[in-house]
Amino acid sequence: MSEKASYDIPTPHGGYHSRGGESESLGLTHTPRRASALNTIVASVALLFILVSQVWSTYWRFKLPPLEHVPSNGSEGVARLPFMGFNTWNAYHCDINESIIVENARLMETLGLLGAGYNYMNIDDCYSEKKRSPEVDEPFSEDKTRFPSGMKALTNEIHQLGMKAGIYGDSGWFTCQLYPGSFQNELRDARLFQLEWGFDLLKFDNCAVPFDHIIREGIVGKYQRMADAISQVSKEPGKLPMVFSLCQWGREQPWLWGKRFSQSWRTTGDIEPTWRSIASIINQNSFITWASDFYGHNDMDILEVGNGALTYEEEKAHFTAWALMKSPLLIGADLASVSKEALEILKNEDVIAINQDPVVGTAISPFRWGINPDWVSNETHPAQYWSDESANGTVFMLLNTLDEPADMFFNLTESPWIRAGRKYSVRDLWSHSENGTAIRNFTAQGVPAHGVIALLLRDAGDEPEALEPPCVRPEWCMDQNGTLIESGVSNSHLDL
Ligand code: GAL
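Residues numbered from 1 in each chain as written. Predicted model: local features only at pLDDT ≥ 70, side-chain atom pairs only at ≥ 80, totals over all residues. Heavy atoms only, no water.

The protein chain has the name Alpha-galactosidase in an unreviewed UniProt entry, where Somion occarium is given as its organism. Here the protein chain is described in UniProt, under the heading Catalytic activity (unreviewed entry), as follows: "Hydrolysis of terminal, non-reducing alpha-D-galactose residues in alpha-D-galactosides, including galactose oligosaccharides, galactomannans and galactolipids." (UniProt positions renumbered as here; feature names shortened; annotations may be inferred.)

Pasting the structure below:
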């Protein structure tokens, strides 16, 4: 038997089945010419079969999505990654019209935001007429004074700019500003939004809840109605379903059920342009980071970057936390007057690359709370030391929640994604520079008040020989002869 190299077949789980390289002999002996011709035909057919099956399996390997959570309502293919774009609410509230939206859409392009990945233009509350029609065949319409060209013309214009368009609705009788809601008219309104108006995303709010004896549903059933409508409507023209962005303010744990039929769910109440609000949203989300992954994301709310109320350091920290925690990134500032600094923050491609990581869908999580004991909820001083895997290395976020500058220190292996005994190259995701090599630990000196450090650590080989102590983490560090070594001192011995 001839020796062949063994080879590995990737499994759908990313592991490998190892196959020995031995093949069985066909046992062919010398035969007359006809038999030999037959053998040639058989061999060619077999060869062809092997070739075709190889091509076929390679095709499917790349065509099939990796095994991961996909919502069961048929929305495969939409919003695998957190969506990025613009939303009218934070900058304009109800004061919106079609020229504001078109102007900001054009600015998204000219300011390079579209190029940076922000490709949704989302209209929030207050775009429609006030009248709520209970008639199924009589949908409400856009406000004719503020949207004189009509929604279809507006989404056409947005699409022509290379963007997608988002709209807003409500699961109750009315929206939060008392415009028509969709309760009992979900299918009619999903048709209106997607088929007649041409929208690609629906943010769906939680106001004007019908009486219990009318709705006879819990919170899941209340949102399921529109999820089903979106799914049904998308089948009609064979379109992708609208992205379903739940806005439920985190009141009834949407991180537990939102991923059944939506691609994002708001986890908290409305954001405000203050550090207090940013810190409190980070704190609440620090306990539910596990809920975000491909196709389903904790939504930390529209960004306040560029609204002029946060300091430069606070805006950087706010943006880093939202991006690395895999929240949708929606710009909420008036782009006609946005500052150069705010634009630079919003376009940080190193940070956006983590948010849009096509390989690792999870969010950063705290590995140490810092000034508070681990797992303590503190609205003004959330967790400080965070990490996660990424396609290109381990990502770290250090948050100085104090009102004054501070040094921040961590041992690398406090993060579960770091290997002991290795050294790591350090990339600073804000200065966009390589900052040398970290061995065992890292200290960031003088992190500004409410400031952030974002790092990408990449394996750079073994650490130097014979470093002391033998384990960076003293807990249960043991020599193979049974000597327990704590804090670098051998202090006890087990008789094995
Ligand atoms: C709130 C929502 C805001 C905005 C507002 C519009 O419920 O959280 O983001 O959409 O309604 O009325």
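That covers the picture; the talk isn't over yet.
Some words on the sheet that holds strand β16 (residues 433-439)
In space, the 6 strands of this open sheet follow the order β11-β12-β13-β18-β15-β16, with antiparallel pairing throughout. Pairing within the sheet leaves two strands with one partner each, and these edge strands are β11 (365-368) and β16. Neighbouring strand axes in the sheet, compared pairwise and without regard to direction, differ in orientation by 35 degrees on average. When strand β12 (residues 385-390) meets strand β13 (residues 393-399), the two strands line up antiparallel, connected through 6 bridges. Bridge pairing in β13 places Y385 opposite L398. Against the sheet, helix α10 (residues 312-324) contacts β13 and β18 (452-462), and its axis sits at roughly 140 degrees relative to β13. (Pairing = 2+ DSSP bridges. Helix = DSSP H or I, 4+ residues; strand = E, 2+ residues; numbered from the N terminus. Axes fitted to C-alpha atoms, helices over the stretch in contact; angles between N-to-C directions. Contact = heavy atoms within 4.5 Å.)

Remarks on the site of the ligand
Taken together, W89, D124, D125, Y168, C176, Q177, K203, D205, C247, W249, R266 and D270 are the residues near the ligand. Contact between the ligand and D125: an oxygen atom at 2.8 Å from a side-chain N or O atom of the residue. The contact in question runs from an oxygen atom of the ligand to an N or O atom on the side chain of R266, over 3.1 Å. Bound to the protein, the ligand loses 96% of the 310 Å² it would expose on its own. Among the residues forming the shell around the ligand, the class breakdown is 5 nonpolar, 1 polar and 6 charged. (Near = heavy atom within 4 Å. Polar contact = N/O pair within 3.5 Å; in protein donor to acceptor, adjacent residues only side chain to side chain. Areas by Shrake-Rupley, 256 points an atom, 1.4 Å probe, with all protein chains shown as cover. Nonpolar A, V, L, I, M, F, W, Y, C, P; charged D, E, K, R; others polar.)

Brief notes about the nonpolar core
If you look at the biggest cluster of nonpolar residues, it comprises 90 residues, and the most contacted ones within it are Y118, Y127, F193, F244, F319 and W322. Broken down by element, the residue count for this core peaks at 7 residues, all from helix α7 (residues 219-235). If you look at the next biggest cluster of nonpolar residues, it comprises 17 residues, including Y385, V426, F442 and I453. (Core = buried A, V, L, I, M, F, W, Y, C linked by side-chain atoms within 4.5 Å. Buried < 20%, exposed > 50% of the residue type's maximum accessible area, 1.4 Å probe, protein only.)

A word on the environment of E434
Secondary-structure assignment places E434 in strand β16. Between the alpha carbons of E434 and L456 there is a distance of 9.3 Å; along the sequence they are 22 residues apart. Among all residues touching E434, those that are not within four sequence positions of it are V426, R427 and R458. Separated by 2.9 Å, the side chains of E434 and R427 make a polar contact.

Overview of the state of the cysteines
Tallied over the full model, the rule gives 3 disulfides. With a sulfur-sulfur separation of 1.8 Å, C94 is cross-linked through a disulfide to C126. Note that C94 is positioned in the loop between α2 (89-92) and α3 (98-110) and C126 in the loop between β4 (120-122) and α4 (151-160), a separation of 32 residues in sequence. Disulfide pairing is shown between C176 and C207; the S-S distance is 2.1 Å. Across the S-S bond of C176 and C207 the torsion is about 95 degrees, and the bridge reads as right-handed. Residue C176 is found in the loop between β5 (164-170) and α5 (186-196), and its partner C207 is found in the loop between β6 (201-205) and α6 (212-215); the two are separated by 31 residues along the sequence. A residue is classified by how much of its surface remains accessible, and C176, at 27% relative accessible area, is partly exposed. Cysteine C247 shares no disulfide, and the gap to the nearest cysteine sulfur, in C176, comes to 6.7 Å. (Disulfide = S-S within 2.5 Å.)

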